[in-house]
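# Coordinates in review
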Amino acid sequence: MNTDPVSGYQPYDQHAHAQAPDRSARNQATARRAALTICTIADVAAGLLGLWIALYLLEANQGNAFVEFVHGSADLLSGWAQDIFTMDTEGLRVVLNYGLPAVLYLALGHGIAARLNRS
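The shown structure was predicted, so the numbers you read here are calculated from the model rather than taken from an experiment. Each chain has its residues counted from 1, running along the sequence as written. Predicted model: local features are reported for residues with pLDDT of at least 70 only, side-chain atom pairs are reported and counted for 80 or more only, and whole-chain, interface and lining totals are derived from all residues. To get the side-chain values, all heavy atoms of the structure are used, and hydrogens and water are removed first.

### Structural notes on unusual backbone geometry
- Although it is not a glycine, Glu-59 sits at a positive phi angle of roughly 55°.
- The class of Glu-59 is exposed, set by a relative accessible area of 70%.
- At Asp-83, a residue that is not glycine, the phi angle is positive and equals roughly 65°. Under the scheme applied here, a residue whose accessible area is under 20% of the maximum for its type counts as buried, over 50% as exposed, and between as partly exposed, the area being computed with a 1.4 Å probe on protein chains only.

### So, the nonpolar core
- Among buried residues, those of type Ala, Val, Leu, Ile, Met, Phe, Trp, Tyr and Cys that are joined through side-chain atoms within 4.5 Å constitute a nonpolar core. In this structure, Ala-46, Leu-49, Trp-52, Ile-53, Leu-55, Ala-60, Val-67, Val-70, Ala-74, Val-94, Tyr-98 and Ala-102 together form the largest nonpolar core, which totals 12 residues.
- Breaking this core down by element, the ones donating at least two residues are α1 (12-57), α2 (65-78) and α3 (90-118).
- Tallying contributions element by element places α1 first for this core, with 5 residues.
- We call two residues in contact whenever any of their non-hydrogen atoms come within 4.5 Å of each other. If we skip the residues at most four places from it in the chain, Ala-102 touches Ala-46 and Leu-49. Secondary structure elements are defined from DSSP: runs of H or I of at least 4 residues count as helices, runs of E of at least 2 residues count as strands, and each element is numbered from the N terminus.

### Let's talk about the side chain of Arg-93
- Tracing the chain through its elements places Arg-93 in helix α3.
- Discounting residues that sit within four places of it in the chain, Arg-93 has contacts with Gln-82, Asp-83, Phe-85 and Met-87.

### Re the environment of Leu-36
- For Leu-36, the location among the structural elements is in helix α1.
- On the basis of relative accessibility, which here comes to 56%, the residue Leu-36 falls in the exposed class.
- As for Leu-36 and Asn-117, which are separated by 81 residues in sequence, their C-alpha atoms are 9.4 Å apart.

### A closer look at the packing of α2 against α3
- In contact at an axis separation of 10 Å, α2 and α3 are set at 65° when each is read in the N-to-C sense. Our classification of the angle between α2 and α3 gives roughly perpendicular. In the packing of α2 onto α3, the handedness of the crossing is left-handed. Facing α2, whose interface residues are His-71, Ala-74, Asp-75, Leu-77 and Ser-78, α3 presents Asn-97, Tyr-98, Pro-101 and Tyr-105.
- We call Asp, Glu, Lys and Arg charged. Ala, Val, Leu, Ile, Met, Phe, Trp, Tyr, Cys and Pro are nonpolar, and the rest, Gly among them, are polar. The class makeup of the residues in the contact of α2 with α3 is 5 nonpolar, 3 polar and 1 charged. Angular values range over 0 to 180 degrees, each being the angle between N-to-C directions of two axes fitted as lines to C-alpha atoms, with helices fitted over their stretch in contact. Angles below 35 degrees are treated as roughly parallel, those above 145 as roughly antiparallel, those between 65 and 115 as roughly perpendicular, and all remaining angles as oblique. Working rule for handedness: look at the near helix, and if it is turned counterclockwise from the far one by less than a right angle, call the crossing left-handed; if clockwise, right-handed.

### Concerning α3
- Each helix should span, by expectation, one fewer than its residue count multiplied by 1.5 Å. Its 29 residues place the ends of α3 42 Å apart at the C-alpha level, agreeing with the 42 Å of an ideal helix rising 1.5 Å per residue.
- Along α3, the positions that sit buried rather than exposed are Gly-91, Arg-93, Val-94, Asn-97, Tyr-98, Gly-99, Pro-101, Ala-102, Gly-109 and Ala-113.

### With respect to the environment of Ala-54
- Take Ala-54: it is sitting in helix α1.
- By relative accessible area, which is 33% here, Ala-54 ends up partly exposed.
- For the pair Ala-54 and Val-94, spaced 40 residues apart in sequence, the C-alpha to C-alpha distance is 9.8 Å.

### A few points about α2
- For α2, with 14 residues, the first-to-last C-alpha span of 20 Å sits near the 20 Å given by 1.5 Å per residue.
- Among the residues making up α2, those that are buried are Val-67, Val-70, Ser-73, Ala-74 and Ser-78. The buried residues of α2 occupy an angular sector of 130° when projected down its axis, which confines them to one face. Of the residues in α2, the exposed ones pointing more than 90 degrees away from the buried face are Ala-65, Phe-69 and Leu-76. The reported arc concerns the directions from the helix axis to the C-beta atoms and nothing else.

Written out as structure tokens, the structure reads:
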């Protein structure tokens, strides 16, 4: 027989502990979604930079709308790294000045995502 005046009443501490696993699971799911988003953004950025390097080295038509889009996107993403390397060989200069940001985006994006997944 229950002598508690309010049936089903849980003290504050028990109620908080009962919801903690739900909150923790939600926080982990949110962290996983954020990590996936960060990885995806880093992968797309690096992919555009890598695509521009390939199109440049393969001497793609610079007047093509797709090539112009990729080049413009790559310039936007690597603007901070332009002319870090000044080589005589134009192909090597493009590989280094666009490749460095691609590698950094991948390393930072996946590093941040790994950190989020650990928490």
